[in-house]
Amino acid sequence: MSENPVKTKDRATLELALGEQIHALISASHALNVRSAERFDANLQPAAFQLVRWLYSYGPTSAAALAEANAMDRSSVSRLIKQLEKSGYVSKEQDPKDRRGVLLSLTELGQQSTVGALKEKESAFYNRISRWDDKELERFTAMLRQFNGLDDETVGVRE
């Protein structure tokens, strides 16, 4: 792979086509996230499910780290966490590494509800890749990982 590919008309056309496909992926993913959030709990905002989804994937963390990881302000995260805690999906516990800190984690109800909400989304994406062989899936995953800048092992490390 070259560091700075020469911009040709064909390259510009390819980059525009890539942008269109990325937009389509983001739009489809957003629509599925909204449906998953509604399935999780129709009384909560989709942003609350975004936090739940993060906790499900990465485990207990602080509210500050959760806000940063989801590009949300701390007051919004605090408000959403209160709603999630009141509904029984999230619990708070003292951080064993920092006695002054608090870790947020999913309760058993939060875990079960998340799994149920994700089934529809996983099904939709699975249907799109079901005819791919393992090599195609491996290559696509590696390219997405590279595109997303996740080749660095420190990305996603929790506080």
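Student: Please give an account of the nonpolar core that cites residues and values.
Tutor: Grouped together as the largest cluster of nonpolar side chains are 22 residues, with contacts concentrated most on Phe40, Leu66, Ile81, Leu84 and Val90. Within the residue set of this core, elements represented by two or more residues are α1 (9–40), α2 (46–58), α3 (63–69), α4 (74–86), β2 (102–106) and α5 (108–129). Top contributing element to this core by residue count: α2, with six residues. If near-sequence neighbours (up to four positions away) are discounted, phenylalanine 40 is found in contact with Phe49, Val52, Leu84, Tyr89, Gly110, Ser113, Thr114 and Ala117.

Student: Got a sec to walk through α1? Specific residues and values, please.
Tutor: Here α1 contains 32 residues, and its C-alpha end-to-end distance of 46 Å stays within 8% of the 46 Å for a straight helix at 1.5 Å per residue. All of the buried residues along α1 are Ala28, Ser29, Leu32, Ser36, Ala37 and Phe40. In this fold, the buried residues of α1 make contact with α2, α4 and α5.

Analysis parameters
- Residues numbered from 1 in each chain as written.
- Predicted model: local features only at pLDDT ≥ 70, side-chain atom pairs only at ≥ 80, totals over all residues.
- Heavy atoms only, no water.
- Core = buried A, V, L, I, M, F, W, Y, C linked by side-chain atoms within 4.5 Å.
- Buried < 20%, exposed > 50% of the residue type's maximum accessible area, 1.4 Å probe, protein only.
- Helix = DSSP H or I, 4+ residues; strand = E, 2+ residues; numbered from the N terminus.
- Contact = heavy atoms within 4.5 Å.
- Expected span 1.5 Å × (residues − 1).

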